[in-house]
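A look at the structure
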Amino acid sequence: MYFKLYNTISKTSEPFVPNDPTSITFYSCGPTVYDDAHIGNFRSFLAADLLRRWIESPLCTLKIGRSPDTETHTGERKVTHVMNITDVGHMTDDDNADGAGEDKMEVAAQRIKQAQSKKDGSVHKAADIDPNDPRAIARFYEQRFKDDAIKLGLKVAIEAQTDPTLMPRASDHVDHMKQVIVDLLNTDHAYTAGTPGSRAIYFNTQTFPNYGKLSGNTLDHLKGGAGGRVDDAQQSEKKHPADFLLWKEDPSHKMKWDAPNHPDCADWQQGYPGWHIECTAMALARLIPGGLDAAKAKHSTIDLHSGGEDNIFPHHECEIAQSCCFTHNDSFANHWFHARFLKVEGEKMSKSKGTMYTRADLDKDGTNNDAIRFLLISTHYRNNADFSIVGLVNAQGRINSYRRMVGQLQSLIKNNIECDTNMDDVLTKFSNSMSNDLNIAEALAAINGFKILNQKIPKTIGLEGAFATMSPDQVALPKAPIDAQSAFHQYSNKQKSNAERAVAGFHLIDNILGVIFRPIEKGEQTGIALYQPGVTPSPEIEALLQQRADAKKSKDFATADTIRDQLAAMNLSIMDKPGDKVEVAPAN
């Protein structure tokens, strides 16, 4: 079964057919680094990461060519995944193709100034940052984003530690943007307008007949000003309401550069690029061998482009228009992938309600990064995901159960105990589900159905009920999965024992999920309890545990059982340990 993926531009689930199945080009719109990224941002980034990991997996079969009888590809393949860092040109009004409002870096500066001026004794996280230096602000939040992304297992961020070009900064590619803009001016796909000091270069949407194909916002639909998104002052100088900003002359802007080198801009003062042109320049410059010149000469396309659903219009619609007119190709990306929004407890995320969680916020509450990742990838990307604290607890419980499965298999291998497993069936169902537009729910259901069959464990080994009783820190697993190709060879090796092949199967799975073979985050210890990751000690829990200990000491087992039930209702499981300690873990 070959991989089918929903394509936003065709509005259908269709075979994912890259230009070269051995070397796939993938561009993701990354963060604007004016604040910490919240979990809603990471929902989109991790959906792209899951997609990238699946395409790289030996379990994924790709179609070669678009005719019905073409061959398929199952060999080793490399995905070059690029995610940009936007540090200039992104305005607060995302819905406006011209980027109305303030530059988001200016907003960050104002926020930091206000926080630094507080006299309440608190120390702002950016206390040492000069709010008048937008580049310093951008570097500060960029590093915080990368730290979060690495902890959540985002492969592009991990790879960018050794290859920074995989996460290019917009401000480092202004020359590439100007190169594209000059070409668009030369081919009459762009024009200048306005008065000295505030002139602009606009893309002429009427020169691109396919404008609106991605979002449905055609030129006729936008004739009235895109639902009020185009202000009167800008509209008066445009040839069409949908025309969007490529460059803005603004000598007062804190981040500014010389104007594009074109006769129409010869006497311009400094300014800055529009938001949309950034991604065209960075995607083609980094992903096409030979860069922009080769992209234009060869009429190049990239294989895959992703973002959140809020990027569809205007950002990605504008990207397509300017990119196609630059490369003289009807397509910019062969496949468009968009993740739906994340809700929190069934409602839209809200700063006022305190639900605009960041990874650091959840980390302070004792949440395991693996649980955050698992929860954010476990809902199909085209459905709104719902984030909740109970969901995090359940996610941690599910990860723990996977680790216990592998731990029992490792114990069987260590003790030379033969067994049968249903891993073949699990991987078949898992692969078919992922091949069906990344049906992650069915894929996880397949893993949950894993079973060890017909094993005979001597009592002296002490593995009875290992699935239920082994705690996560008792399962000595590798801190990272073996690479997917090696795992596939081990799984395919019939000379290996069934337990060894099953462990290799879990390594194959975790090259995609990224939650099983990772360093175990240690919990906390108090006088009475051993808290596993995912559970934070609290006076309420401690009091209940002490009451239970007192009841057991008095042989009041009914009360002890009642308290156990109270803890279970709080999504906590407990297990008595030597030394009068109680292990407290997330309930499975």
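A quick note: this is a predicted structure, and the numbers were derived from the prediction, not measured. (Residues numbered from 1 in each chain as written. Predicted model: local features only at pLDDT ≥ 70, side-chain atom pairs only at ≥ 80, totals over all residues. Heavy atoms only, no water.)

Regarding the overall build of the chain
Note the threshold: Segments assigned H or I by DSSP are reported as helices when at least four residues long, segments assigned E as strands when at least two residues long, and all are numbered from the N terminus. Note on classification: 1.4 Å probe, protein chains only; a residue is buried when its accessible area is under 20% of the maximum for its type, exposed when over 50%, partly exposed between these limits. Every residue pair with non-hydrogen atoms within 4.5 Å of one another is taken to be in contact. Accessible areas in this description were obtained via Shrake-Rupley with a 1.4 Å probe; residue shielding takes into account the shown protein chains only.
Per the secondary structure count, the chain includes 20 helices and 23 strands. Taken across its 588 residues, the chain has 56% of its residues classed as buried. A sequence separation of at least 24 residues applies to 72% of the contacts in the chain between residues at least 6 apart. Just so you have it, the chain exposes about 24900 Å², and 48% of that area is on carbon and sulfur atoms.

A word on helix α17 (residues 484-492)
Our working definition: In this context, the arc is that of the directions from the helix axis out to the C-beta atoms.
Those residues of α17 lying buried are A484, Q485, A487 and Y491. Projected onto a plane normal to the axis of α17, the buried residues spread over an arc of 160° and lie on a single side. Here the buried face of α17 lies against α14 (423-435) and α18 (498-513).

Examining the packing of aromatic side chains
Rule in force here: To pair, rings of Phe, Tyr and Trp, with the six-membered ring standing in for Trp, must have centres within 6.5 Å; the planes then decide the type, stacked if under 30 degrees apart, edge-to-face if over 60, and tilted in the middle. Two conditions define a charge sitting above a ring: the NZ of Lys or the CZ of Arg must be within 6 Å of the ring centre, and it must be within 35 degrees of the ring normal.
For the structure on display, the rule yields 14 aromatic pairs. Here the aromatic rings of F42 and F45 are separated by 5.8 Å at their centres, their planes lie at 85°, and the arrangement is edge-to-face. You can see F42 and its partner F45 sitting in helix α1 (residues 39-56), three residues apart, about one turn around the helix. Taken together, F3, F16, W54 and F430 form an aromatic cluster joined through their ring pairs. The ring centre of Y2 lies 5.8 Å from the NZ or CZ of K63, which sits over that ring. Taking NZ or CZ as reference, K239 lies 4.6 Å from the ring centre of Y191, over its face.

Regarding the sheet that holds strand β23 (residues 581-586)
The cut-off we apply is this: By definition, two strands form a pair when at least two bridges between them are found by DSSP.
If you walk across this open sheet you meet the four strands as β20-β21-β23-β22, and the pairing is mixed. If you trace the sheet from one side to the other, it starts and ends with β20 (524-525) and β22 (572-577), each paired once. Here six bridges tie β22 to β23, and the two strands are oriented antiparallel to one another. From the neighbouring strand, M575 faces β23, where its bridge partner is E583.

Here's the deal with the pairing of strand β13 (residues 302-308)
Walk down a regular strand and you will see the side chains alternate between the two sheet faces. Counting buried positions along β13 yields seven of seven residues, so the element is predominantly enclosed. By the bridge criterion, three bridges tie strand β3 (residues 23-28) to β13 in an arrangement that is parallel. In the strand pairing of β13, Y27 is matched with H305. Where β13 lies against strand β14 (residues 333-339), six bridges are found, and the strand directions are parallel. Note on β14: the bridge partner recorded for G308 is A339.

Regarding the pattern of salt bridges
As a reminder of what qualifies: When a carboxyl oxygen of Asp or Glu lies within 4 Å of a side-chain nitrogen of Lys or Arg, that pair is called a salt bridge.
By the definition in use, this model includes 27 salt bridges. When the shortest N-O distance is used, the salt bridge between D576 and R548 registers 3.0 Å. In this pair, D576 is assigned in strand β22 and R548 in helix α19 (residues 539-553), connecting sequence segments 28 residues apart. Taking relative accessible area as the criterion, D576 reaches 36% and is therefore assigned partly exposed. It is possible to trace a salt-bridge network through shared partners that takes in D87, R139, E142, K146 and R169.

Some remarks on the sheet that holds β13
Just so we agree on the cut-off: Here the axes come from fitting lines to C-alpha atoms, over the contacting stretch only for helices, and the angles between their N-to-C directions go from 0 to 180 degrees.
Strand order in the open sheet formed by four strands is β6-β3-β13-β14, with parallel pairing between adjacent strands. Two strands in the sheet have a free side with no partner beyond their single neighbour: β6 (78-83) and β14. For this sheet, the mean inter-axis angle between neighbouring strands, taken without regard to orientation, is 20°. This element, α1, spans β3, β6, β13 and β14 of the sheet and lies at about 165° to β6. Sheet strands touched by helix α8 (residues 275-287): β3, β6 and β13. Its angle to β3, the strand with the most contacts, is close to 160°.

A short note on the side chain of T327
Residue placement: T327 occurs in helix α10 (residues 312-327). Judged by its relative accessible area of 1%, T327 is buried. Setting aside residues up to four positions removed in sequence, T327 forms contacts with L284, A295, K296, H299 and S300.

Topic: the state of the cysteines
As a reminder of what qualifies: Any two cysteine sulfur atoms lying within 2.5 Å of each other are counted as a disulfide.
According to the stated counting rule, one finds zero disulfides in the structure shown. Looking at C324, it has no disulfide partner, and the nearest cysteine sulfur is the one in C325, 6.9 Å off.

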